[in-house]
Amino acid sequence: MPIDERARQLLDAAPREPVAVLSDANQLLVDLTDGDSISVTYRAMCIAARNAASMEESVEYGRLAAEAAHDPVLRREGTLSMAGSMAYVGRGPEAIDLLDQASVGASGLIAAQLLFQKGVVAQLSGEYEKAIEAYNRSNLVFTAENRRDYVAQVLHNLGWIYTQTGRLKAAQEALLEARKIEAALGRHMEVSGTDNNLGLLASYRGDIPEALRWMASSESIYMENTESTTPQHVGRSEVLISVGLFAEAAELARQVAAGAHSARRTADEAEALLVAARAAFYADDPELSDRFASRSATLFRNQNREVWALRADSVSVEAAYLKEGASAELLARAQELASDLEAAGLVYASASAAVLVGRMGIDLGNIEAAGSALQRLTAVRTGPVELRIQKWLAAAMLRMADGDHQGADSAARAGLDLLDDYQSGLGATDLRAGIERLGDQMGTIGLNLAVASGRPRRVLQWMERTRGRALRYPPVVPDSDDAESDLLAELRRVTAELRQPDNVDDHRLIRRQRLLQEEIRAVNRIRTSSDTATRKMRLGDLLETLGGRTLIELGALGDDLFAVVVRDGRFRLVELASGFDAGTALSRLRFDLRRAARLDRDPGDVRAAVADFSRLVFAPLKGLSDDVVLIPPGPLMAAPWAVMPDLADATVTIAPSAETWWRSERLDGTGAGVVLASGPDLENAEAEVGSLRALYREARVFGPTDPGLIVGEAFRGSAIAHVACHASFEASNPMFSALRLGDGDFNVYDLERIGRPPDVMVLSACDSGYTDIRPGAELTGLTSALLGLGTKSVIASIGLVPDSRATANLMLEFHRGLVDGLAPSRALDAAQRQAMTEPDSYIAASSFVCVGGC
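Residues numbered from 1 in each chain as written. Predicted model: local features only at pLDDT ≥ 70, side-chain atom pairs only at ≥ 80, totals over all residues. Heavy atoms only, no water.

Caption draft 1: Up close: the packing of helix H21 (residues 385–401) against helix H22 (residues 405–424). At their nearest, the axes of H21 and H22 sit 7 Å apart, and the two run at 165° to each other. The orientation of H21 with respect to H22, classified from their angle, is roughly antiparallel. Crossing handedness for the pair H21 and H22: left-handed. Contacts between H21 and H22 involve Val385, Arg388, Ile389, Trp392, Ala395, Ala396, Arg399 and Met400 on the former and, on the latter, His405, Gly407, Ala408, Ala411, Ala412, Ala414, Gly415, Leu418, Leu419 and Tyr422. Its residues assigned to classes, the contact of H21 with H22 shows 13 nonpolar, three polar and two charged. (Axes fitted to C-alpha atoms, helices over the stretch in contact; angles between N-to-C directions. Helix = DSSP H or I, 4+ residues; strand = E, 2+ residues; numbered from the N terminus. Parallel < 35°, antiparallel > 145°, perpendicular 65-115°, else oblique. Left-handed = near helix turned anticlockwise from the far one by under 90°. Contact = heavy atoms within 4.5 Å. Nonpolar A, V, L, I, M, F, W, Y, C, P; charged D, E, K, R; others polar.)

See the structure below:
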């Protein structure tokens, strides 16, 4: 009896429309009586259930397909589909037995299909060469029979194996050809999987925006064709790891693992947990990393995927090393894992394990073991950027242990040069800042060597290698009418709604806000940059621009604080506080400042705390006066430098790096016009702007109800912009730090769209100058965004600004100084000195700093 055409249509549609196929198949089964038609229907359900139900259900449908068939070919096809699903739930040996039984007497196409499925089981088990052989043999038949669907599957799987084993050119050729065939056949779910693998491949080649574009395509196709709200694949998490966004990578991988667990896709769950473990390790959370890795290893072993389990074991060993330090037992285990992974042909996993062996060997003084392991890495020229960075880090550490300080310095520089190459192709600010995390330890090695040398010029150069690097690249400014523009407008609307008292805990709005932020990040991150960094500063350039000013660049190694002081062409290295926990001291001081601002308390205690902090930092530096350019380390950027007693005779400008200050000083400052804006929910904001309007009679003035987009457009190309409003700093994602304007939050993404920002930007708002320090010393927030865009000077707060006449008066005096021709730093200094004579104005005076050029 011929197969019911409806059953054939369901089988064809199963990969593309799995949800609909499951529903329609159940209805069709009621009408069918022919065993072969029933078999084809169950096989369609087996394939559909892999994406729209669970693998266990898929296995059951495959069993029913095999049992219902009268035709021996259909029986084998049912077994074939069932075996594929069994492999995904860890029943690989059982699947092989079934395939061997089904292969008896088989020939032609069905024999090739059964052989292909053996390749799938071998691939899931980590037996890659065996899988490649099975795929290539089966593909000869598929090609001869013009079965393009199976040809695409072979190419897809080969592409993934080639990627994992370092054969990137072959991987790209296979995956692109697979995608071409899948798209022509309308197989959307297969296209989704191939796009994910193309994304992973692009990240291994170093093209992060391209990788994220493929990942976005994969996730979009998958979620459009299923009812899932989370991605199926964990590839985007791996890309996020490669650019230092570890917490985000771990959370996404955890979500993918949870979704796979709910759908009982244990193979996908185990792989997602492995990636989550790696992300947690890089985020310095060894306990979470070990928990994920242990769970992952257990799942892999339950699925008889020993090679994958070894990868999870390797992460567990890394977590133990991070938590407990090196030991002889841990070193031996790492050596064993590195050898086993190398034997399995996993180039990148074995190289990562070799780095671990090298680091532990160095810690234990076993230089022979370290050198032997790290020698394996000399051929690693492709693959995840974090691996290639680790290669240079390990080389630097090994040379340090060997006493080759020059070689260690060279290796650390080479690693940071590699980061430069990656940064130059990234268009998104958060990716440029995040990737710096990977170079943090190399910066520490270089700085340690420089300080040990006692040469202040070398110390300054190494501090500059690790500060403000991402700010050397101009952000990619998109067209005004692109997709991101609409998303930002919608986000402003949602944030405005969330301000309403009745909506503060509205989960629908909160979820919508989170989803919009995710979409904005995704759109922004796929932009590439063809710009090279602005010309690097040479020390001669710095001396010429400094003139008679004094530059003090503070540095920290552990709890020891030091400074390089540059004045009149001379460089000095000065030891400052020893055993000084700068971050803790600043946190206490900021707490005192905020409490005094909030409670309108007498500032006497705050003055004492500021004096103590000043003495700890500046005690060895005497006679600081005139113009001082201060470059604090990241954790100290948000200190009240302007009111430090030891800087009482100086006019202070701060910057994230000496190079950032130098670039700001070189800006021509040819903007025209003044913009004055006040935000909502501040009692004195409009009065503050009103008093400034008397100074700038031609200014463009905006009030608490004016939309952020209109205000932002007015900023473009202006000479001075002053904004009195609330501000927020988003620690979880500083790119969403924002100014609160009339129609919602105006965040860093909005600022970057300005193109040419004001020459002088005054942010009379709480925390407007607060920045987040990321490992690698990259600062993110409103102030750093403006400096990166090309603002010459930013006047911003480092804490809670009193909403009082004291703040308004301080701002009025500052602008009077600007009108009289003073540079921004001198105008602010004069206003602060006058304000500090009044007790109720001290907190307002201490809350502001001049960042950027003088």
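After presenting the structure, the write-up continues.
Caption draft 2: Region of interest: the sheet that holds strand E10 (residues 738–741). The antiparallel open sheet is built from three strands, whose spatial order is E9-E10-E11. What marks the edges here is a single partner per strand, and that holds for strand E9 (727–728) and strand E11 (744–747). The pairing of E9 with E10 spans two bridges and is classified as antiparallel. Paired with Ser728 across the strands is Ala738, a residue of E10. On the sheet, helix H26 (residues 483–499) packs against E10 and E11 and is oriented at approximately 135° with respect to E11. Against the sheet, helix H33 (residues 708–715) touches E10 and E11, its axis set at about 30° to E11. (Pairing = 2+ DSSP bridges.)

Caption draft 3: Region of the structure containing a negative patch on the surface. A surface patch of negative charge is lined by Asp559, Asp560, Glu575 and Asp581. Mapping Asp581 onto the fold places it in the loop between strand E3 (570–575) and helix H29 (582–599). (Patch = residues over 30% accessible without salt bridge, like charges linked within 9 Å, V, L, I, M, F, W, Y side chains within 5 Å. Areas by Shrake-Rupley, 256 points an atom, 1.4 Å probe, with all protein chains shown as cover. Salt bridge = Lys/Arg side-chain N within 4 Å of Asp/Glu carboxyl O. Lys, Arg positive; Asp, Glu negative; His and termini not counted. Charge placed at Lys NZ, Arg CZ, Asp CG, Glu CD.)

Caption draft 4: Representation of the side chain of Glu77. Note that Glu77 resides in helix H5 (residues 72–88). Residues contacting Glu77, with those up to four places away along its chain left out, are Arg43, Ile110 and Gln113.

Caption draft 5: Region of the structure containing H33. Listed as buried for H33 are Gly708, Val711, Gly712, Ala714 and Phe715. For H33, the arc enclosing every buried residue in end-on projection is 160°, short of the 170-degree limit, so these residues lie on one face. Backbone geometry just after H33 places Gly717 at a positive phi near 75°. (Buried < 20%, exposed > 50% of the residue type's maximum accessible area, 1.4 Å probe, protein only. Arc of directions from axis to C-beta.)

Caption draft 6: Geometry of the pattern of salt bridges. Using the criterion set out here, one finds 52 salt bridges in the structure. Here Glu60 makes a salt bridge to Arg63, at a shortest N to O gap of 2.4 Å. Placement of the pair is Glu60 and Arg63 together in helix H4 (residues 55–68), with a separation of three residues, close to one helical turn. We classify Arg63 as partly exposed; its relative accessible area is 30%. For Asp409, the salt bridge identified is with Arg458, shortest N-O distance 3.3 Å. Remark: Arg458 occurs in helix H25 (residues 456–465) and Asp409 occurs in helix H22; sequence separation between them is 49 residues. In terms of burial, Asp409 and Arg458 fall into one category: buried. The network of salt bridges with shared partners includes Arg301, Glu306, Asp313, Arg333 and Glu336.

Caption draft 7: Region of the structure containing the packing of aromatic side chains. Applying the stated criterion across every chain, the model contains 14 aromatic pairs. Taken together, a centroid distance of 6.4 Å and an interplanar angle of 20° make the contact between Tyr42 and Tyr61 stacked. With a gap of 19 residues between them, Tyr42 in helix H3 (residues 35–52) and Tyr61 in helix H4 connect regions that are remote in the sequence. For the residue pair Tyr42 and Tyr61, the accessibility class agrees, reading buried in each case. Taken together, the aromatic side chains of Phe116, Tyr135, Phe142 and Tyr150 make up a single cluster linked through ring pairs. The ring of Trp308 has Arg305 sitting right over it, with the charged end atom 4.9 Å from the ring centre. The ring of Trp308 has Arg311 lying over it, and the distance from NZ or CZ to the ring centre is 4.6 Å. (Phe/Tyr/Trp six-rings, centres within 6.5 Å; stacked < 30°, edge-to-face > 60°. Lys NZ or Arg CZ within 6 Å of the ring centre and 35° of its normal.)

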